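Each chain is listed here by its residues.
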Amino acid sequence: MDSMIFDKKMLQLYAVTDRGFGNEDRLYAQVEAALRGGVTMVQLREKHMDDKDFIEEARKIKMLTKAYHVPLIINDNIHVCVESGADGVHVGQSDMEAGHVREILGPDKIIGVTAKTPEQALAAQCAGADYIGCGAVFGSSTKLDTNKISMEQLDAVCAAVNIPVVAIGGINRDNILQLKGHKMCGAAVVSALFAKEDVEEAAKELLAKVREILE
């Protein structure tokens, strides 16, 4: 199955799903609403689902994202990425090393890697990552074990690599404009989208603010 050619503009408004804000039917509707609102990438994150169900869900979501010409990224799980036909995978520092991921997935899949330091970011770039996820820039309400990083740390990561960086961690409508002047290529959001009653409207508002930041 063909995967999308990666472009840094795909990172502008990066939606990371969280099942904690609704049941399975609601998640599908939420992703569709987010896509209508203009999200530029979707990461499907399922920490407590077996592979069979995860693959089935990913295939459904992939049909949605494909209709909107938006890439679908799978969190952590390379097997699910391959079996579902998703466009790529995102791995953390404690997951499979990016070079090994690239060996398995080949040259055409999108690979993102979480990095908090220039050293981690450079290692990911050298291993074949397409982009870096850096945070948590404002802490995190969805990952309680995540340490906050400073804007200086974000800038250092952005300066260290040639691949694009997306900021993540506690970003919402009230603080997103604080990212203006920094060199990331977009913002990744979780609760700022999926905890909202009107996900489509939340996405539209966030995308407008991201584009203001990136001007």
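Calculation notes
Residues numbered from 1 in each chain as written. Predicted model: local features only at pLDDT ≥ 70, side-chain atom pairs only at ≥ 80, totals over all residues. Heavy atoms only, no water. Salt bridge = Lys/Arg side-chain N within 4 Å of Asp/Glu carboxyl O. Helix = DSSP H or I, 4+ residues; strand = E, 2+ residues; numbered from the N terminus. Buried < 20%, exposed > 50% of the residue type's maximum accessible area, 1.4 Å probe, protein only. Pairing = 2+ DSSP bridges. Core = buried A, V, L, I, M, F, W, Y, C linked by side-chain atoms within 4.5 Å. Contact = heavy atoms within 4.5 Å.

S.K.: Break down the pattern of salt bridges for me, with residues and values.
M.R.: A side chain with one charge may pair with a side chain of the opposite charge, provided their charged atoms come close. Here the structure, examined in full by the defined rule, presents 11 salt bridges. D87 is paired through a salt bridge with K62; the nearest N and O atoms lie 3.0 Å apart. Taken together, the residues span a long stretch of sequence, with D87 in the loop between α3 (78–84) and β4 (88–91) and K62 in helix α2 (residues 51–67) at a distance of 25 residues. Of the residues examined, D87 reaches a relative accessible area of 0% and is grouped as buried.

S.K.: How would you summarise the pairing of strand β2 (residues 41–44) if you had to cite specific residues and measurements?
M.R.: Along a regular strand, successive side chains alternate from one face of the sheet to the other. On β2, burial covers both faces: M41 and Q43 on one face and V42 and L44 on the other are all buried. Relative to strand β3 (residues 72–75), β2 is paired through three bridges, and the arrangement is parallel. Paired with L44 across the strands is I74, a residue of β3.

S.K.: An account of the nonpolar core is requested, with residue identities and associated values reported.
M.R.: One finds L154, L179 and L193 to be the most contacted residues of the largest nonpolar core, which totals 64 residues. The dominant element in this core, judged by the number of residues it contributes, is helix α8 (residues 199–214), at seven residues. Those residues in contact with L179 that sit more than four places away from it in its chain are V137, F138, M151, L154, A167, I171, M184, A187 and I213. Counting residues in each nonpolar core, the second largest holds 13 residues, with M4, V16, Y131 and V166 among its members.

S.K.: I'd like to hear about the side chain of Q30, residue by residue, with values.
M.R.: Of note, Q30 is situated in helix α1 (residues 24–37). Look at Q30 and you get buried, because its relative accessible area is 2%. Setting aside its immediate chain neighbours within four residues, Q30 contacts F21, F194 and V199.

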